[in-house]
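What the coordinates show
This is what each chain is made of:
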Amino acid sequence: GPSPSTLQEKQMSSLMKANFADSQDVRTPDKTRMAVVELNGQMASQLRLQPGWKWSECIKPLAGTESCQKSHVGFIQQGQLHVISDDGSELDVKAGDFYVFGPGHDGWVVGNEEVIAYEFESSTAANYARG
């Protein structure tokens, strides 16, 4: 393996990267693929949601709550999601959109295109879609 000095230099570096393709933390609930990476305590996730994905059908059984109680901060690269808050407000997010969803919502994929999204809320990445 790498020498101790190499490892130390790597840890000391202010420049870091991780690739979602190399993630050792991949979660695959129904119609869901979530890959999580962590750098220096910062977590990010890549979400791939298949057509037909709906939080209340695919994730709710794992979460055990009536609606999603996580916060989301992210960006949609591909596809479209419709999100409805517990207070009744609704939002469509699509490719190119940056979004913030507070706790208390349901959501689903709109149309026949896979949704690819990237999220940057560490506490959500740590626990979302975990069985």
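So, here's what we can say about the structure. Not measured: the values here are computed from a predicted model.

This part takes up the sheet that holds strand 7 (residues 98-101). Taking strand neighbours across the sheet as the criterion, the six strands line up as 1-2-3-9-4-7 in an open arrangement whose pairing is antiparallel. Edge positions in the sheet fall to strand 1 (25-27) and strand 7, since each of these pairs with one other strand and no more. Between one strand and the next, the sheet's axes are offset by a mean angle of 25°, whatever the strand orientation. Bridge analysis of strand 4 (residues 72-78) against strand 9 (residues 115-119) gives four bridges, and the strand direction is antiparallel. Pairing of G74 across the sheet is with E119, part of strand 9.

By size, the foremost hydrophobic cluster in this structure holds 22 residues, and its most contacted members are L49, W53, I59, I76, L81, V115 and Y128. Among the elements that take part in this core, strand 3 (residues 42-49) stands out by supplying three residues, more than any other. Each residue touching W53, except ones within four places of it in the same chain, is listed here: D30, K31, T32, C58, I59, L81, G107, W108, V109 and Y128. By size, the runner-up hydrophobic cluster in this structure holds six residues, among which are A35, V37, A44 and I116.

Before going further, it helps to examine the side chain of H105. On the secondary structure map, H105 appears in strand 8 (residues 105-109). For H105, the side chain forms a polar contact with the side chain of H72, separated by 3.3 Å. Look past the residues within four positions of H105 in its chain and what remains in contact with it is W55, S67, C68, K70, H72, V83, I84, S85 and D86.

Taken together, the side chains of F75, F98, V100 and F120 define a hydrophobic patch exposed on the protein surface, amounting to about 440 Å² of accessible area. Given a relative accessible area of 33%, F75 falls into the partly exposed group.

For the rest of this paragraph, the subject is the packing of aromatic side chains. As enumerated under the stated definition, the model contains two aromatic pairs in all. Their ring planes at 45° and their centres at 5.4 Å tell us that F20 and Y118 sit as a pair that is tilted. On the criterion of sequence distance, the pair formed by F20 in the loop between helix 1 (4-12) and strand 1 and Y118 in strand 9 is long-range, its members being 98 residues apart. Residue class for F20 comes out buried when judged on its relative accessible area of 17%. Note on Y118: relative accessible area 18%, which makes it buried. Lying over the aromatic face of W108, K54 brings its terminal NZ or CZ to 4.8 Å of the ring centre.

What follows is about unusual backbone geometry. Unlike most non-glycine residues, K31 shows phi in positive territory, near 60°. Backbone geometry at N40 places phi at a positive 55°, although glycine is not the residue there. Within the fold, N40 resides in the loop between strand 2 (32-39) and strand 3. For N40, a relative accessible area of 68% puts it in the exposed group.

The strands that make up a sheet are held in pairs by hydrogen bonds between backbone atoms, and each pair lies either parallel or antiparallel. An order of 6-5-8 is seen for the three strands of this open sheet, with the pairing classed as antiparallel. At either margin of the open sheet sits one strand with a lone partner, and together these are strand 6 (90-94) and strand 8. This sheet shows a mean twist of 20° between the axes of neighbouring strands, independent of strand direction.

Definitions and limits used
Residues numbered from 1 in each chain as written. Predicted model: local features only at pLDDT ≥ 70, side-chain atom pairs only at ≥ 80, totals over all residues. Heavy atoms only, no water. Pairing = 2+ DSSP bridges. Helix = DSSP H or I, 4+ residues; strand = E, 2+ residues; numbered from the N terminus. Axes fitted to C-alpha atoms, helices over the stretch in contact; angles between N-to-C directions. Core = buried A, V, L, I, M, F, W, Y, C linked by side-chain atoms within 4.5 Å. Buried < 20%, exposed > 50% of the residue type's maximum accessible area, 1.4 Å probe, protein only. Contact = heavy atoms within 4.5 Å. Polar contact = N/O pair within 3.5 Å; in protein donor to acceptor, adjacent residues only side chain to side chain. Patch = residues over 30% accessible without salt bridge, like charges linked within 9 Å, V, L, I, M, F, W, Y side chains within 5 Å. Areas by Shrake-Rupley, 256 points an atom, 1.4 Å probe, with all protein chains shown as cover. Salt bridge = Lys/Arg side-chain N within 4 Å of Asp/Glu carboxyl O. Phe/Tyr/Trp six-rings, centres within 6.5 Å; stacked < 30°, edge-to-face > 60°. Lys NZ or Arg CZ within 6 Å of the ring centre and 35° of its normal.

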